[in-house]
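Residue strings, one per chain:
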Amino acid sequence: MSVIKVPEADSSGWECAVCGVALRPCAVELEYLDSRFNVELPACPECGMVFIPEDLALGRMAQVERLLEDK
């Protein structure tokens, strides 16, 4: 399965609050309503915590959720 790259998920300047290391783009699997997507998002290389920027969560991700709910 291919990985969706999200330009608005820029990780520059962000670091993990727990580990204190810089976040790096990482392929993660997102699941919603029985649909799965491999998406490149900023994540901590130490603990694996994923960061989803507010603009992405309230914008593009919310649009995809509405499309899946309307199916």
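Residues numbered from 1 in each chain as written. Predicted model: local features only at pLDDT ≥ 70, side-chain atom pairs only at ≥ 80, totals over all residues. Heavy atoms only, no water.

Chemist: Give a detailed account of the packing of aromatic side chains, specifying residues and quantitative values.
Modeler: Applying the stated criterion across every chain yields a total of one aromatic pair. Here W14 and F51 contribute two aromatic rings whose centre-to-centre distance is 4.4 Å and whose plane-to-plane angle is 35 degrees, an arrangement assigned as tilted. Residue W14 is found in the loop between β1 (4–5) and β2 (24–32), and its partner F51 is found in the loop between β3 (35–43) and α1 (54–58); the two are separated by 37 residues along the sequence. (Phe/Tyr/Trp six-rings, centres within 6.5 Å; stacked < 30°, edge-to-face > 60°. Helix = DSSP H or I, 4+ residues; strand = E, 2+ residues; numbered from the N terminus.)

Chemist: Explain the pattern of salt bridges residue by residue, including any values.
Modeler: As enumerated under the stated definition, the model contains one salt bridge in all. E31 is the salt-bridge partner of R36, the closest N and O atoms lying 3.4 Å from each other. (Salt bridge = Lys/Arg side-chain N within 4 Å of Asp/Glu carboxyl O.)

Chemist: Account for unusual backbone geometry, naming residues and giving values.
Modeler: Here L33, not a glycine, exhibits a phi torsion of approximately 50 degrees, which is positive. Here L33 lies in the loop between β2 and β3.

Chemist: Help me get a handle on the pairing of β3, residues and values and all.
Modeler: Here two bridges tie β1 to β3, and the two strands are oriented parallel to one another. For I4, the partnering residue across the bridge sits in β3 and is V39. Here β2 runs beside β3; their pairing, made up of nine bridges, is antiparallel. If you follow P25 over to β3, its bridge partner there is P42. Taken together, β2 and the strand that follows it, β3, pair antiparallel across an intervening segment of two residues, in which L33 is found at a positive phi of about 50 degrees. (Pairing = 2+ DSSP bridges.)

Chemist: Now, about the nonpolar core: what can you tell me, with residues and values included?
Modeler: If you look at the biggest cluster of nonpolar residues, it comprises five residues: V6, V28, V39, L41 and L56. Each residue touching V6, except ones within four places of it in the same chain, is listed here: V39, E40, L56 and R60. (Core = buried A, V, L, I, M, F, W, Y, C linked by side-chain atoms within 4.5 Å. Buried < 20%, exposed > 50% of the residue type's maximum accessible area, 1.4 Å probe, protein only. Contact = heavy atoms within 4.5 Å.)

Chemist: Explain the confidence of the model for the chain to me, using residue names and the numbers behind them.
Modeler: Interpretation of the predicted coordinates at a detailed level should be avoided for regions scoring low in pLDDT. Per-residue pLDDT for the chain has a mean of 87; in total, 96% of the residues score no lower than 70. Within the chain, the element-level pLDDT minimum falls on β1, averaging 78, and the maximum on β2, averaging 90. (pLDDT = per-residue confidence, 0-100.)

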